[in-house]
Amino acid sequence: MAKQLMKGNEAIVKGAILAGCRGFYGYPITPANEIAEAAAYFMPLSGGVFLQAESEVAAINMVYGASSAGIRAMTASSGPGISLMSEGLSYLAGAELPCVVVDISRGGPGLGNIAPEQSDYFQVVKGGGHGCYRGLVLAPASAQEMADLTRLAFDLADHYRNPVIVLADGITGQMMEPVEFKGEPALPPAPEWSVTGTAETRGNLVSSICLEPDDLERHVRKLEAKYKRAEAAEVRFENWRADDAEIVLVGYGIVGRILKSVVEQLRGFGMNIGLIRPITLYPFPAAELHRLAYHARQFLVVEMSTGQMIEDVRLALNGLAPVEFFGRCGGNVPAAEEIAAVVRRLQAGSHPEHRLETELDEVALHG
Amino acid sequence: MANYTTVHEKSPVFYPEYERKSEARGQTHYCPGCGHGIAHKLLAQAIDDLGIQDRTILVSPVGCSVFAYYYFDTGNIQAAHGRAPAVASAVKRARPGSIVISYQGDGDLAAIGSAEILHAANRGENITVLFVNNAIYGMTGGQMAPTTLLGHKSTTTPFGRNAVNDGYPLRVAETLSVLDGPVYIERVALGNAKQILQAGRAVRRALENQVKGLGFSLVEILSPCPTIWKLDAHQAQQHVREGLSSVFKPGVYCDRTKEAVPRPEPKPGPALTGIPRILGIELNEGASAAPVAAASVDLRIRIAGFGGQGVLMLGQVLAEAGMDAGLDVSWLPSYGPEMRSGTSNCHVRISSRPVDSPLVTRPAVLLALNEPSLRKFISSVEPGGLVMYNGREVPGDCRRPDVDLLARPFTEIADELGEPRAGNIVMLGALLRRIEGIPDASVDRALARVVKTQRWLEIDRKAIARGREVCHVS
Ligand SMILES: Cc1ncc(C[n+]2csc(CCOP(=O)(O)OP(=O)(O)O)c2C)c(N)n1
Ligand code: SF4
């Protein structure tokens, strides 16, 4: 019984506990509830803390407290709750506290609905809170990745001393797929900077205050350098038959899965098409997209929103290749057939002379 | 600024020199006559008396006391405005051996942080809260606080606080005392030496309660803010004694310390090696075995019906069985209000190759457990697909010549077996006759995993067998 059929939301909690997470602080919201419910069950059994907070504001500040005290801590919510957590995320990043926040996104704005959407991209990937900070963002597309990326999230959070957000959607949270767990259970010791109520840590201070402009600039530059390191070291993506593709689809999370089936369908008809599925949304796989632009004639970004990640794709390509967009929102999930039809239309209206022959030569020269 | 050092009787709980300050490291940043300075001394003394300096973690707020960490030689955590009780709650639970103090002003605690303090108190967190009530926002320059007295002119009540517009001074000690969570709430004042002595006793008790593990203690400290009140130190103390104390009456508002049962020492967590068992998982070491399937399978199934017909469970058994047979699978339910409206449906994929999209928008198999579901999904079925319908016959307007339609009253058949709710499993039995790649043994093991009681397992096994029988082509 190595693989087990498991909901993505449950896989997150199991992955977290295996990673050594011993504190979960949450407030109910659909479609993230199973995460808190599983944590309420498994945390106490694993020697950890589960605490239902009075709000997401309190929840993220509990994460702040637990992380200050040197334990691996997390929370999970959906768009409306992530909005309330923005303040806390800014403080966590400012105080360089590691933590994991899961966003099982739903339809917005406002109360919107509880159906899956990808409209939290700007909020989660671009910050949400105040100040020059970034959250590292991982975007799982399967129950297996819910487990694996959650575990990775804790390691990244500790390594960079920064919040890491796992951004998924209602579908990935609710669906069951086979999941297997690898790697021994971990329980890292309290970091030496943490405040644990002992003689050794008495001199420690967790704070996001830098009163003097020069101090704050130094601090912000330090954060910036850290993000640069992450940009160089942590980019993850899935390249699915994109190396020789003329048309490159770009989509993350569940959309990436749907796009894969679009690629398979259209390859079956002889179309030269591939997929880039960003797994890290920050840092974004900009270099990979840029690389493919020397070959690809056309990029098509598909999102369950009116277009948010597309801005990062455009920035990455910087005009090298045309970028089109197809999106559904409101909780509607684009069907593979629907996307395939869009691709066919795109192809029909395409101009092969748009190929970037000159740059292609250059790449060849550089090996 | 003159570099003088206050050497007389400085508590060892204060740093000898305030190195975290950028200048004037021999003195605090508080104004002369400020109550925060006195409250700090009382707290330092209590920490020292109780011998808990190493264990103490001070959570400082946003307000004039935001820099409490300049002074206290203890563990220090600086919290966002109003959130200190949430931070402190989590610190205490993460480190039960520590002594956690949430130090807050009235804007911080009684306005922006009113939810956090209410719930920390109500949970009876084993923390100590020092609530410095100076009836004004000090740090931001004198705006109205929730505790500002009626008639008082602040920068945001230039005509005086008016109850009709601004509401009333908020009595925190009284308000929190109606809760069952706290063990000790006292209001004290810093209006003269005698009051300060009493305040010191209260602070000490509030800390001692935590040391003993008794639970939530809060001391509200009526505190002078001469700078904003535009009074000299002497007049400010008088205002504490006469003005503030007349609205916020000093006294003990809650004392359950005698009845309170000390919290048990936290038990150490389980051994790490026991974690997989607790999580109900087996760790898979080494390379993961790729699914080995007997034949090429690619089943795209949509199942739909009323809630209670076992739509989701039927899908789950199929997915479990597929996985057992070495195939890749996915199961995706509809969720949310749709479920509550009484209908439910799920997408199941079972494939000998890795499943790409878990969504089944063009099903090869539709299992419709009721008529609305048949109507809703029939047109989506792939030409050449299979439709099973829970009814005697397919309504005329739902027929499609290009799909294989099988109508059987599965619920009635299950009823004959003694359990109408097993209609979904009768349908599963029928389906298994029509599809390939999922061995009987896999289905049986899947049932055993999904079905929780022996009685139901037996019913379901009979239902499967019966389903196979009724599935001869009509
Ligand atoms: C979210 C947020 N809103 C507003 C502020 C600005 N602010 C800083 S201190 C403070 C009021 C503090 O007053 P109080 O708690 O009474 O403490 P005092 O300064 O009087 O000791 C405010 C509103 C802030 N830091 N954060
Ligand atoms: S403004 Fe008031 S509360 Fe703030 S330091 Fe000065 S006297 Fe104290």
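The structure presented is a predicted model; accordingly, all values stated were derived computationally and were not measured.

About the cut-offs
- Every chain is numbered independently, its residues counted from 1 as its sequence is written.
- Written order determines the labels here, with chains lettered from A and ligands numbered from 1.
- Owing to the predicted nature of the model, reporting of local features is limited to residues with pLDDT of at least 70; listing and counting of side-chain atom pairs is limited to 80 or more, with chain, interface and lining totals taken over all residues.
- Side-chain metrics in this entry use all non-hydrogen atoms of the structure; hydrogen atoms and water are not considered.
- The pairing criterion is simple: DSSP has to find at least two bridges between the two strands.
- Starting at the N terminus, helices and strands are each numbered in turn, a helix being any DSSP run of H or I of at least four residues and a strand any DSSP run of E of at least two.
- Axis lines are fitted through C-alpha atoms, for helices just across the contact stretch, and the angle between N-to-C directions can take any value from 0 to 180 degrees.
- Contacts are assigned to residue pairs with any non-hydrogen atoms lying within 4.5 Å of each other.
- We define proximity as follows: a residue is near a molecule or strand when any one of its heavy atoms falls within 4 Å of that partner.
- Whenever a nitrogen or oxygen atom comes within 3.5 Å of another N or O atom, the pair is scored as a polar contact, on the condition that within protein one atom can donate a hydrogen and the other can accept it, and that pairs from neighbouring residues in sequence are kept only if both atoms are in side chains.
- Areas reported as accessible are Shrake-Rupley estimates using a 1.4 Å probe. Residue values count occlusion only from the protein chains shown.
- The classification used treats Ala, Val, Leu, Ile, Met, Phe, Trp, Tyr, Cys and Pro as nonpolar, Asp, Glu, Lys and Arg as charged, and all other residues, Gly among them, as polar.
- In this entry, domain limits derive from an automatic or database-based domain assignment.
- A quick way to say it: buried area is the sum, across both parts, of accessible area lost when two parts are put together, with a 1.4 Å probe.
- The salt bridge criterion pairs a side-chain nitrogen of Lys or Arg with a carboxyl oxygen of Asp or Glu, the two atoms within 4 Å.
- Exposure categories follow from relative accessible area, calculated using a 1.4 Å probe and restricted to protein chains: below 20% of the type maximum is buried, above 50% is exposed, and the middle band is partly exposed.
- Residues scored as positive are Lys and Arg, those scored as negative are Asp and Glu, and His as well as the terminal groups of each chain are ignored.
- pLDDT measures how confident the predictor is about each residue, on a scale from 0 to 100.
- By the criterion used throughout, a crossover qualifies as right-handed when its path from the first strand across the helix to the second strand runs clockwise, the strands pointing away from the viewer.
- What we call a nonpolar core is a set of buried Ala, Val, Leu, Ile, Met, Phe, Trp, Tyr and Cys residues that are connected through their side-chain atoms within 4.5 Å.
- Centres within 6.5 Å are what make two rings of Phe, Tyr or Trp a pair, Trp counting through its six-membered ring; a difference in plane orientation under 30 degrees is then read as stacked, over 60 as edge-to-face, and the rest as tilted.
- Criterion for a charge above a ring: Lys NZ or Arg CZ within 6 Å of the ring centre, and within 35 degrees of the ring normal.

**Here we look at the sheet that holds strand β10 (residues 237–240) of chain A**
All names here are of chain A.
Move 1: Strand order across the open sheet formed by five strands is β10-β12-β11-β14-β15, with mixed pairing between neighbours. Across the chains shown, the open sheet's two edge strands, defined by having one partner strand only, are β10 and β15 (323–327). On average, each strand axis in the sheet is inclined to that of its neighbour by 20°, with strand direction left out of account.
Move 2: Bridging between β10 and strand β12 (residues 273–278) involves four bridges; their strand directions are antiparallel. Bridging from a neighbouring strand, Glu238 pairs with Arg277 of β12.
Move 3: Along the sheet face, helix α9 (residues 254–268) touches β10, β11 (247–250), β12 and β14 (298–303) and points at about 170° away from the line of β12.

**Comments concerning the site of ligand 1**
All names here are of chain B.
Move 1: In the vicinity of ligand 1, 16 residues are found, and the nearest of them are His36, Cys64, Gly107, Asp108 and Gly138.
Move 2: The separation between an oxygen atom of ligand 1 and a polar side-chain atom of Asp106 is 3.0 Å.
Move 3: Between ligand 1 and the protein, one listed contact pairs an oxygen atom with a backbone N or O atom of Asp108 at 2.8 Å.
Move 4: Protein contact buries 76% of the 590 Å² of open area that ligand 1 shows by itself.
Move 5: The biggest single contributor to the shell around ligand 1 is helix α3 (residues 106–112), with four residues.
Move 6: Grouping the amino acids of the shell around ligand 1 by side-chain chemistry returns six nonpolar, eight polar and two charged.

**Describing the domain arrangement of chain A**
Residues and elements named next belong to chain A.
Move 1: In terms of domain boundaries, chain A breaks down into domain 1 (4–233) and domain 2 (240–359).
Move 2: Put simply, the middle of domain 1 and the middle of domain 2, counted by C-alpha atoms, are 29 Å apart.
Move 3: At the interface, 31 residues of domain 1 touch 25 residues of domain 2.
Move 4: Buried area between domain 1 and domain 2, summed over both chains or domains, comes out near 2400 Å², and the portion from carbon and sulfur atoms is 55%.
Move 5: A per-residue breakdown of the area domain 1 buries against domain 2 is headed by Gln118, Tyr121 and Phe122, which together make up 30% of the total.
Move 6: Across the domain 1-domain 2 interface, the total number found is three salt bridges.
Move 7: The salt bridge involving Lys126 is made with Asp312; its shortest N-O contact spans 2.6 Å.
Move 8: Across the domain 1-domain 2 interface, the total number found is 16 residue pairs in polar contact (both at pLDDT 80 or more).
Move 9: Where the side of domain 1 that touches domain 2 is concerned, the elements lending two or more residues are α5 (121–125), β6 (136–138), α6 (143–160), β7 (163–169), α7 (170–174) and α8 (213–233).
Move 10: Per-class residue counts for the side of domain 1 that touches domain 2 are 17 nonpolar, six polar and eight charged.

**Re the side chain of A:Asp169**
Residue and element names in this part refer to chain A.
Move 1: By secondary structure assignment, the location of Asp169 is in strand β7.
Move 2: Despite being buried, Asp169 has no salt bridge partner; Arg257 is the closest side chain of opposite charge, sitting 9.4 Å away.
Move 3: When near neighbours in sequence (up to four residues on either side) are disregarded, Asp169 contacts Ile104, Ser105, Pro116, Glu117, Gln118, Ile254 and Met304.

**A word on the site of ligand 2**
Move 1: What surrounds ligand 2 is the set B:Tyr30, B:Cys31, B:Cys34, B:His36, B:Cys64, B:Asn134, B:Cys225, B:Pro226, B:Thr227 and B:Ile228.
Move 2: When its residues are assigned to classes, the shell around ligand 2 shows seven nonpolar, three polar and no charged.

**A closer look at the side chain of B:Ser102**
Residues and elements named next belong to chain B.
Move 1: Topologically, Ser102 is positioned in strand β3 (residues 99–105).
Move 2: Of note is the side chain of Ser102, whose polar atom sits 3.1 Å from the side chain of Gln104.
Move 3: Those residues in contact with Ser102 that lie beyond four places of it in its chain are Val59, Ala84, Pro85, Ala88, Thr128, Val129 and Leu130.

**Considering the interface of chain A and chain B**
Move 1: Contact residues are listed per partner, giving 79 residues for chain A and 70 residues for chain B.
Move 2: Approximately 6100 Å² of surface area, both sides summed, lies buried where chain A meets chain B, with 63% of it carried by carbon and sulfur atoms.
Move 3: For chain A, the biggest contributors to the area lost against chain B are A:Leu5, A:Glu54 and A:Arg202; these three give 12% of the whole.
Move 4: Across the chain A-chain B interface, the total number found is five salt bridges.
Move 5: With its nearest N and O atoms 2.9 Å apart, the salt bridge here joins A:Glu54 to B:Arg123.
Move 6: With eight residues, helix α3 (residues 56–68) of chain A is the single largest residue contributor to the side of chain A that touches chain B.

**Re the confidence of the model for chain B**
Interpretation of the predicted coordinates at a detailed level should be avoided for regions scoring low in pLDDT.
Move 1: Averaged over chain B, the pLDDT score is 94; the fraction of residues at 70 or greater is 95%.
Move 2: For residues 1–7 of chain B, every residue scores under 50 in pLDDT, and the model assigns this stretch seven contacts once sequence neighbours within four places are set aside.

**Describing the pairing of β14(A)**
All names here are of chain A.
Move 1: With respect to burial, β14 is a largely interior element, six of its six residues being buried.
Move 2: Across the two faces of β14 the burial is the same, with Gln298, Leu300 and Val302 and Phe299, Val301 and Glu303 all buried.
Move 3: Taken together, the four bridges between β11 and β14 define a ladder with parallel strand orientation. For Ile247, the partnering residue across the bridge sits in β14 and is Gln298.
Move 4: Sheet topology places β14 next to β15; five bridges connect them, and they run parallel. Its bridge partner being in β15, Glu303 is matched across the sheet by Gly327.
Move 5: For the crossover from β14 across helix α11 (residues 310–317) to β15, the handedness is right-handed.

**Describing the nonpolar core**
Move 1: In terms of nonpolar packing, the biggest core is built from 136 residues, with A:Tyr25 and A:Phe299 touching the most fellow members.
Move 2: Examining the composition of this core, we find that 10 residues originate from one element, α6(A), more than from any other.
Move 3: When residues no more than four places from it in sequence are discounted, the contact partners of A:Tyr25 are A:Val49, A:Leu51, A:Ala59, A:Met62, A:Val63, A:Ala66, A:Ile71, A:Ala73, A:Met74, A:Thr75, A:Ala76 and B:Ala90.
Move 4: Ranked by size, the runner-up nonpolar core spans 50 residues in total, among them B:Val348, B:Met388, B:Ile425 and B:Met427.

**Details of the sheet that holds strand β4 (residues 72–77) of chain A**
Residues and elements named next belong to chain A.
Move 1: Strands sit in the order β3-β2-β4-β5-β7-β6-β13 across an open sheet of seven strands; the sheet is mixed. Each edge of the sheet is formed by a strand with only one pairing partner; in this case those strands are β3 (49–52) and β13 (280–282). Each adjacent strand pair in this sheet contributes to an overall mean axis angle of 20°, direction not counted.
Move 2: The sheet contact formed by strand β2 (residues 21–26) and β4 spans three bridges and is parallel. The partner of Phe24 across the bridge, within β4, is Met74.
Move 3: The sheet strands contacting helix α2 (residues 33–45) are β2, β3, β4 and β5 (99–105), and the helix crosses β2 at an angle near 140°.
Move 4: Lying on the sheet, α3 is in contact with β2, β3, β4 and β5; it crosses β4 at an angle near 165°.

**Considering the packing of aromatic side chains**
Move 1: Under the counting rule described, the total for this entry stands at 11 aromatic pairs over all chains.
Move 2: Note on A:Tyr121 and A:Tyr252: the rings are 5.6 Å apart at their centroids and 50° apart in plane angle, and the pair reads as tilted. Residue A:Tyr121 is located in helix α5, and its partner A:Tyr252 is located in the loop between β11 and α9; the two are separated by 131 residues in the primary sequence. Across the pair, exposure class does not vary: A:Tyr121 and A:Tyr252 are buried alike.
Move 3: Look at B:Phe67 and B:Tyr69: their rings are 6.1 Å apart centre to centre, the planes differ by 80°, and that puts the pair in the edge-to-face class. For the pair formed by B:Phe67 and B:Tyr69, the shared burial category is buried.
Move 4: Aromatic rings pair up to connect B:Tyr18, B:Tyr30, B:Phe67, B:Tyr69, B:Tyr70 and B:Tyr71 into one cluster.
Move 5: Across the ring face of A:Tyr282, the terminal group of A:Arg134 is positioned such that the distance to the ring centre comes to 3.9 Å.
Move 6: Its end group placed over the ring of A:Phe269, A:Arg344 keeps NZ or CZ at 4.7 Å from the ring centre.

**Details of the pattern of salt bridges**
Two side chains of opposite charge can pair, provided their charged atoms sit close to one another.
Move 1: Under the counting rule described, the total for this entry stands at 52 salt bridges over all chains.
Move 2: Across the salt bridge formed by A:Glu145 and A:Arg277, the nearest N and O atoms sit 2.7 Å from each other. Residue A:Glu145 is found in helix α6, and its partner A:Arg277 is found in strand β12; the two are separated by 132 residues along the sequence. The same class applies to A:Glu145 and to A:Arg277, which are both buried.
Move 3: Salt bridges linked by common partners bring A:Glu54, B:Arg93, B:Arg123 and B:Glu125 together as one network.

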